[in-house]
Amino acid sequence: MTTPNNTARTTPTTTVTAAPDSGAHAPEGAEAIRDARHRIDDLDGRIIGLVQERMAVSAVIQRERIASGGPRLNLSREMEVLAHYSDQLGRSGTALAMTLLELSRGRV
Ligand SMILES: O=C(O)C(=O)C[C@]1(C(=O)O)C=C[C@@H](O)C=C1
């Protein structure tokens, strides 16, 4: 039987998952990297929560516009959102905003 990557087989029924390799060559470096990765995991969880909140707020706007007889999308507003992100984060910010818009209103 083969052992999956990053796991250590102890008994035939128990598999222990090892911590992901930090890539550091000294224990202090490994500890600093582990701590920083915890912070990143926490930030990523909060970012995901904010993205989900954004999607829900966007859905409210789109529903209201449709209910009042308007179109679901508003391209001039999308241009404002794209400019906001590109002003703050550059070209990759534009890509991030496009992904957020796609998550919020689907593909166009
Ligand atoms: O601001 C709006 O009018 C929205 O509908 C929200 C939103 C967005 O997710 O930012 C979504 C769809 C529109 O095309 C424009 C922007």
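Residues numbered from 1 in each chain as written. Predicted model: local features only at pLDDT ≥ 70, side-chain atom pairs only at ≥ 80, totals over all residues.

> Looking at this structure, how should I read helix H2 (residues 75–89)?
Each α-helix winds once per 3.6 residues, and so residues spaced three or four apart point in a common direction. End to end, H2 covers 21 Å across 15 residues, agreeing with the expected 21 Å (1.5 Å per residue, within 8%). Downstream of H2 by one or two residues, Gly90 has phi in the positive range, about 75°. (Helix = DSSP H or I, 4+ residues; strand = E, 2+ residues; numbered from the N terminus. Expected span 1.5 Å × (residues − 1).)

> How should the site of the ligand be read in this particular structure?
Around the ligand, a shell composed of Ser58, Ile61, Gln62, Leu73, Asn74, Arg77, Glu78, Val81, Leu101, Ser104 and Arg105 is seen. Looking at the shell around the ligand, the elements that each hand over two or more residues are helix H1 (27–67), H2 and helix H3 (91–105). Of the residues assigned to the shell around the ligand, the class counts are four nonpolar, four polar and three charged. (Near = placed C-beta within 6 Å. Nonpolar A, V, L, I, M, F, W, Y, C, P; charged D, E, K, R; others polar.)

> Looking at this structure, how should I read the packing of H1 against H3?
Interhelical geometry of H1 versus H3 gives an angle of 55° and a closest axis separation of 8 Å. One way to sum up the angle between H1 and H3 is to call them oblique. In this structure, H1 meets H3 at a crossing whose hand is right-handed. Between H1 and H3, the residues in contact are Val51, Arg54, Met55, Ser58 and Gln62 and Leu100, Leu103, Ser104 and Arg105, respectively. For the contact of H1 with H3, a count of residues per class yields four nonpolar, three polar and two charged. (Axes fitted to C-alpha atoms, helices over the stretch in contact; angles between N-to-C directions. Parallel < 35°, antiparallel > 145°, perpendicular 65-115°, else oblique. Left-handed = near helix turned anticlockwise from the far one by under 90°. Contact = placed C-beta atoms within 7 Å.)

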